[in-house]
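What the coordinates show
Chain by chain, the residues:
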2 protein chains.
Amino acid sequence: MAAPEIEHLIALLAKLPGLGPRSARRAALYLLKRRESVMTPLARLLEDTAAAVATCSVCGTLDSTDPCAICADPRRDRTQICVVEDVADLWALDRAGTYKGLFHVLGGVLSALEGVGPEDLNIARLVARAGAGGVREVILALSATVDGQTTAHYIGERLAGKDIAVTRLAHGVPVGGELDYLDDGTLSAALKARRPV
Amino acid sequence: MAAPEIEHLIALLAKLPGLGPRSARRAALYLLKRRESVMTPLARLLEDTAAAVATCSVCGTLDSTDPCAICADPRRDRTQICVVEDVADLWALDRAGTYKGLFHVLGGVLSALEGVGPEDLNIARLVARAGAGGVREVILALSATVDGQTTAHYIGERLAGKDIAVTRLAHGVPVGGELDYLDDGTLSAALKARRPV
């Protein structure tokens, strides 16, 4: 057995997604061998970031300013709101670099099985934002799962009659994907939504 | 782009073995969502452990006491020293629970290719420990690679003429392993070292 502090550190690291008990042990050893150069700076950074970061009161993302950098950015197109399930999805869409509008993070999707209702999600604020004027389109970038689609449908209903276009992401063949490996549902959707070349 | 602190945190986490850029992003988000319950305690623990842990001046392992808990344990068999390449190997052998002697961490193996010579490893201190009297066996628990075996051979030579038994781990079929998946070298070694049932 290693020292109790080390065992405790391994146990905490093992809780991170992507690290199991064995890789947590390797990560802990990596840190312990670089106490000055990596471990202490990481500790400081974790502490500082935990103190600095907060949930954006407008869109619900995590950032070191409130409102977040995206909500505060005057160059962003304020007529579009892209609704995502989680901060990770916002980051992914933002990295893609095509979308220049605003975002709204729901914090999950409706799920009868897990007991997640509309009041558990950041939906009321989305409806308020959409109703405040100036918004012309709400893009529902939610997972193509049953729960994701249920949530999209629910939000669509809540926004009905507001003179706002409610759209969703296109289904189709992933760029770089091989047809052979695609499921039937995606192939059918891609075929149905075919476009002139 | 997320806030600079968050991007910096992701970059630091991505350096941990077992975490790539994508899983570091997931891990960072996991932490950011649990700022009070996980992120701050992890920061404190990293800071405290980095301050508490040091290299054992006797055997070279990492522990919060010097000499380490194993070197200081009076119940350990002081006639045996098990030589390992790295702290991770010491932990693995200690977890296995069979071995009750002392350890010695080399901090690597000899490698002509990577320019690692005997003076770069914790070998001089091993020879001193072995020569200090009371030690009857040195077990070389080194990797079964060319570099590991070269190192074992070198240490064997350095300890020759000291009336100390120098042994190595057995080669053979891993417990629970299927013959079909084993390489020829292991199978030959296991066959050569066969034992009466």
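This structure is a prediction, so every number in the text was calculated from the model and none was measured. (Residues numbered from 1 in each chain as written. Chains lettered and ligands numbered in written order. Predicted model: local features only at pLDDT ≥ 70, side-chain atom pairs only at ≥ 80, totals over all residues. Heavy atoms only, no water.)

1. Quick look at the overall build of chain A
- The helix and strand inventory of chain A stands at eight helices and six strands.
- Viewed in the frame of its principal axes, chain A has a C-alpha envelope of about 65 × 45 × 35 Å.
- Looking at chain A as a whole, 43% of its 197 residues are labelled buried.
- Of all intrachain contacts in chain A linking residues separated by at least 6 positions in sequence, the fraction that spans at least 24 positions is 48%. (Helix = DSSP H or I, 4+ residues; strand = E, 2+ residues; numbered from the N terminus. Buried < 20%, exposed > 50% of the residue type's maximum accessible area, 1.4 Å probe, protein only. Contact = heavy atoms within 4.5 Å.)

2. Quick word on the relation of the copies chain A and chain B
- When chain A is fitted to chain B, the best match, at an RMSD of 0.0 Å, comes from turning it 180° and sliding it 0.0 Å along the axis. Classification of the inter-copy transformation places it as that of a two-fold axis. Scanning chain A for the C-alpha nearest the rotation axis identifies Ala43 of chain A, at a separation of 2.2 Å.
- When the interface residues of chain A are mapped onto chain B, 100% of them again fall at the interface, so both copies present the same face. (Least-squares fit on C-alpha atoms with pLDDT ≥ 70 in both.)

3. Digging into the interface of chain A and chain B
- Each side of the interface is counted separately: chain A has 50 residues, and chain B has 50 residues.
- When the two sides are added together, the surface that chain A and chain B hide from each other amounts to roughly 4800 Å², 71% of it contributed by carbon and sulfur.
- Linking chain A with chain B are seven residue pairs in polar contact (both at pLDDT 80 or more), by the criterion used here.
- Elements with a contribution of two residues or more to the side of chain A that touches chain B: helix H1 (4–13), helix H2 (21–33), helix H3 (35–52), strand S1 (54–55), strand S2 (62–63) and helix H5 (87–96) of chain A.
- Considering every element that reaches the side of chain A that touches chain B, the biggest residue donor is H3 of chain A, with 14 residues. (Buried area = accessible area lost by both parts, 1.4 Å probe. Polar contact = N/O pair within 3.5 Å; in protein donor to acceptor, adjacent residues only side chain to side chain.)

4. Quick word on the domain arrangement of chain A
- Domain annotation of chain A identifies domain 1 (4–52) and domain 2 (62–168).
- Relative to domain 2 of chain A, the C-alpha centre of domain 1 of chain A lies at a distance of 34 Å. (Domains from an automatic or database assignment.)

5. Brief notes about a nonpolar patch on the surface
- Residues Val173, Leu179 and Leu187 of chain A make up a contiguous nonpolar surface patch of roughly 220 Å² in combined accessible area.
- Structurally, Leu187 of chain A can be placed in helix H8 (residues 184–192). (Patch = residues over 30% accessible without salt bridge, like charges linked within 9 Å, V, L, I, M, F, W, Y side chains within 5 Å. Areas by Shrake-Rupley, 256 points an atom, 1.4 Å probe, with all protein chains shown as cover. Salt bridge = Lys/Arg side-chain N within 4 Å of Asp/Glu carboxyl O.)

6. Here's the deal with helix H1 (residues 4–13) of chain B
- Those residues of H1 of chain B not exposed but buried are Ile6, Glu7, Leu9, Ile10, Leu12 and Leu13 of chain B.
- Turning to H1 of chain B, the residues buried within the fold contact H3, S2 and H5 of chain A together with helix H2 (21–33) and helix H3 (35–52) of chain B.

7. Observations regarding the pairing of strand S3 (residues 77–84) of chain B
Residue and element names in this part refer to chain B.
- With respect to burial, S3 is a largely interior element, six of its eight residues being buried.
- In this structure, S3 lies alongside strand S4 (residues 101–105), joined through five bridges in parallel fashion. Looking across to S4, one finds that Asp77 is bridged to Gly101.
- Read from S3 through helix H5 (residues 87–96) to S4, the crossover connection turns out right-handed.
- As paired strands, S3 and strand S5 (residues 137–141) are joined by five bridges and run parallel to one another. Bridge pairing in S5 places Val83 opposite Leu140. (Pairing = 2+ DSSP bridges. Right-handed = clockwise from strand over helix to strand, strands pointing away.)

8. Quick notes on the sheet that holds S3 of chain B
Residues and elements named next belong to chain B.
- Spatially, S4-S3-S5-S6 is the arrangement adopted by the four strands of the open sheet, whose pairing is parallel. The open sheet has two edge strands with one neighbour each: S4 and strand S6 (165–168). Strand-to-strand twist across the sheet, computed as the mean angle between neighbouring axes with direction ignored, equals 25°.
- Strands in contact with helix H6 (residues 123–131) are S3, S4 and S5; relative to S4, the strand with the most contacts, it is inclined by about 155°.
- In the packing of helix H7 (residues 146–159) onto the sheet, contacts are made with S3, S5 and S6, and the angle to S5 comes to roughly 165°. (Axes fitted to C-alpha atoms, helices over the stretch in contact; angles between N-to-C directions.)

9. Topic: unusual backbone geometry
- Cis geometry is found at the peptide bond from Asp66 of chain A to Pro67 of chain A, where omega equals 0°.
- A positive phi angle is found at Asp163 of chain B, which is not glycine, with a value near 60°.
- Considering the arrangement of structural elements, one finds Asp163 of chain B in the loop between H7 and S6.

10. With respect to the environment of Thr40 of chain B
- With respect to the secondary-structure elements, Thr40 of chain B resides in helix H3.
- Residues Thr40 of chain B and Ser188 of chain B, spaced 148 residues apart in sequence, show a C-alpha to C-alpha distance of 53 Å.

11. Examining the packing of H2 of chain B against H3 of chain B
Residue and element names in this part refer to chain B.
- At a minimum axis distance of 6 Å, the contact between H2 and H3 shows a crossing angle of 115°. Counting all contacts with H2, which are made through Tyr30, Leu31, Leu32 and Lys33, the residues of H3 involved are Arg35, Val38, Met39 and Leu42.
- Taken together, the residues of the contact of H2 with H3 sort by class into six nonpolar, no polar and two charged. (Nonpolar A, V, L, I, M, F, W, Y, C, P; charged D, E, K, R; others polar.)

12. Considerations on the packing of aromatic side chains
Residue and element names in this part refer to chain A.
- Summed over the entire model, instances satisfying the criterion amount to two aromatic pairs over all chains.
- Taking the centre distance of 5.1 Å and the plane angle of 70° together, the rings of Tyr99 and Phe103 count as edge-to-face. As far as burial versus exposure is concerned, Tyr99 and Phe103 are alike and both buried.
- Positioned over the ring face of Tyr30 is Arg34, at 3.9 Å from the centre of the ring. (Phe/Tyr/Trp six-rings, centres within 6.5 Å; stacked < 30°, edge-to-face > 60°. Lys NZ or Arg CZ within 6 Å of the ring centre and 35° of its normal.)

13. Quick notes on the sheet that holds strand S4 (residues 101–105) of chain A
Residues and elements named next belong to chain A.
- What the four strands build is an open sheet, ordered S4-S3-S5-S6; its pairing is parallel. Both outer strands of the open sheet, S4 and strand S6 (165–168), are each paired with one neighbouring strand and no more. Strand-to-strand twist in this sheet, taken as the mean axis angle between neighbours without regard to direction, amounts to 25°.
- Strand contacts of H5: strand S3 (77–84), S4 and strand S5 (137–141), with the helix running at about 160° to S4, the strand carrying the most contacts.
- The sheet contacts of helix H6 (residues 123–131) involve S3, S4 and S5, and relative to S4 the element is tilted by about 155°.

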